[in-house]
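Here is what each chain is made of, one letter per residue.
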Amino acid sequence: MKKRIYLDYAASTPIDKKVLEAMLPYLRKHHGNPSSTHGFGQKAKAAIEEAREKAAKFLHCSPLEVVFTSGATEANNLAIQGVIQYISNQTSLLEESPARRQDAKPHIVTSQIEHESVLEPCKMLEKEGVAQVTYVPVTKEGFVRVEDVEKAIQENTVLVSIMYANSEIGTIQPITEIGQLLRKHNLQDATYKILFHTDAVQAANYLDCNVEKLGVDLLTLSAHKVYGPKGIGLLYVREGASLHALLGGGGQEGGLRSGTEDVAGIVGFGVALQELQNPRMLVVNIKTRQLRDTLVKKVLRRIPESVLTGSQEKRLANNTHFRFHGIEGRDLVLLLDQKGIAVSAGSACSETTQEPSHVLLALGLEQEEALSSVRITIGKYTKLEEIEKVIKVLTLGVAKLRKGGV
């Protein structure tokens, strides 16, 4: 059987061997409920707390500020809905100035290119009439401008949510600068602190996630994007940031995420984050960037009317996103899959729809341009010979589709 080539690491990563080995005892032997007081339960509880410490070390925060969730979608929803529900229950906080008395609805600032798990909760809160939302635009390369965030802030703004790096086009946002802006704003206006949330799911493999340096109050991570298992994520919640829990129940995770914990998943997540701090990952990431640059250079040189979407400089080390004039990206994805190469037409969460990506439309692209796109994302197991094969197959595939082939 011909070996397949996987180049969709932004959608999901394979589980690291060390991660799997750490998880297995908690799937087979140590099966206690971590809320139980007997030895089996306390063994599971201790494993969770050890993983929490590993996550805290990665984020440079206190273990008490780490809340494990079922994934990034739940973490993003907890951050956004949790803040708004808490504020809505504290109406006095919105009635301390004339501007707030005129419009007591809390206000959110986010961007037009956020992941659906940020955009959909915002739209839902708008529809329910419990929050106002401003969706700031981006540049043609996909960058949020700090000045646009500043202009969007209102008297009733309580939350800013801007992703660290985009999952489709890999652009890295000025999170530190936005954090500095909000810190300055909060010092000047003590009526109510604006909380700052970032979805760092795509960034964790390649960028510094030190929450103090970033200046964030809330940060989302997902295990299956960092060579961990699916179905587990976390939300960093800075001490003093108040959220309303989305789930009622036994009060696990500091009361913010009730439900029996996925012990094996949490253990695996902890090891995955620990591995990201291994010094050898610096070498891996340099190699990844070199492979990415080889792919970009040769594709743009060999395939006429091909364009790299986003920034050439400020993008994730593993991300490429191409537009090929005159073809449908989905057709190219299927053709490559038939050749044993896995890539995507965009975000995995939206790939089943027939609509152009909201991210690409926000860049100012026409619908036809947006639909001509293919995302190729590299990982730590990618080899040079795989990149060379992909370039060859991609070149032939685009030419075939342009001639009307399938």
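What counts, and at which threshold
Residues numbered from 1 in each chain as written. Predicted model: local features only at pLDDT ≥ 70, side-chain atom pairs only at ≥ 80, totals over all residues. Heavy atoms only, no water. Buried < 20%, exposed > 50% of the residue type's maximum accessible area, 1.4 Å probe, protein only. Helix = DSSP H or I, 4+ residues; strand = E, 2+ residues; numbered from the N terminus. Pairing = 2+ DSSP bridges. Patch = residues over 30% accessible without salt bridge, like charges linked within 9 Å, V, L, I, M, F, W, Y side chains within 5 Å. Areas by Shrake-Rupley, 256 points an atom, 1.4 Å probe, with all protein chains shown as cover. Salt bridge = Lys/Arg side-chain N within 4 Å of Asp/Glu carboxyl O. Lys, Arg positive; Asp, Glu negative; His and termini not counted. Charge placed at Lys NZ, Arg CZ, Asp CG, Glu CD. Axes fitted to C-alpha atoms, helices over the stretch in contact; angles between N-to-C directions. Contact = heavy atoms within 4.5 Å. Expected span 1.5 Å × (residues − 1).

**Examining the pairing of strand S2 (residues 66-69)**
Piece 1. Burial of the side chains of S2 extends over both faces: Val 66 and Phe 68 are buried on one face and Val 67 and Thr 69 on the other.
Piece 2. The sheet contact formed by S2 and strand S8 (residues 233-237) spans four bridges and is antiparallel. Residue pairing for S8: Val 67 is matched across the bridge by Leu 235.

**Quick look at a positive patch on the surface**
Piece 1. Taken together, the side chains of Lys 2, Lys 339, Lys 389 and Lys 400 present a region of like positive charge at the surface.
Piece 2. Looking at the secondary structure, you find Lys 389 in helix H14 (residues 384-402).

**Description of the sheet that holds S2**
Piece 1. Within the open sheet, the seven strands sit side by side as S2-S8-S7-S6-S5-S3-S4. Their pairing is mixed. Each of the sheet's edge strands pairs with one partner strand only, and the pair in question is S2 and strand S4 (132-136). With direction set aside, neighbouring strand axes in the sheet form an average angle of 20°.
Piece 2. Sitting on the sheet, helix H7 (residues 175-188) touches strand S5 (157-161) and strand S6 (195-199), and the angle it makes with S6 is about 170°.

**Comments concerning helix H3 (residues 72-89)**
Piece 1. Its 18 residues give H3 an end-to-end C-alpha distance of 25 Å, which sits within 8% of 26 Å, the value for a rise of 1.5 Å per residue.
Piece 2. The element H3 is extensively covered by neighbouring structure, given that 13 of its 18 residues are classed as buried.

**Considerations on a negative patch on the surface**
Piece 1. Together, Glu 328, Asp 331, Glu 366 and Glu 368 make up a negatively charged patch on the protein surface.
Piece 2. Along the chain, Asp 331 falls in helix H11 (residues 329-338).
Piece 3. Owing to a relative accessible area of 38%, Asp 331 belongs among the partly exposed residues under this scheme.

**Some points on unusual backbone geometry**
Piece 1. Look at Glu 253: it is not a glycine, yet its phi comes out positive at around 55°.
Piece 2. Residue classification places Glu 253 among the buried residues on the basis of a relative accessible area of 9%.
Piece 3. Notably, Glu 305 is not glycine yet its phi reads approximately 55°, a positive angle.
Piece 4. Tracing the backbone shows Glu 305 in the loop between helix H10 (280-302) and strand S9 (306-308).
Piece 5. In this structure Glu 305 comes out as exposed when scored by relative accessible area, which is 52%.

As far as function goes, none of this settles anything; it's purely spatial.
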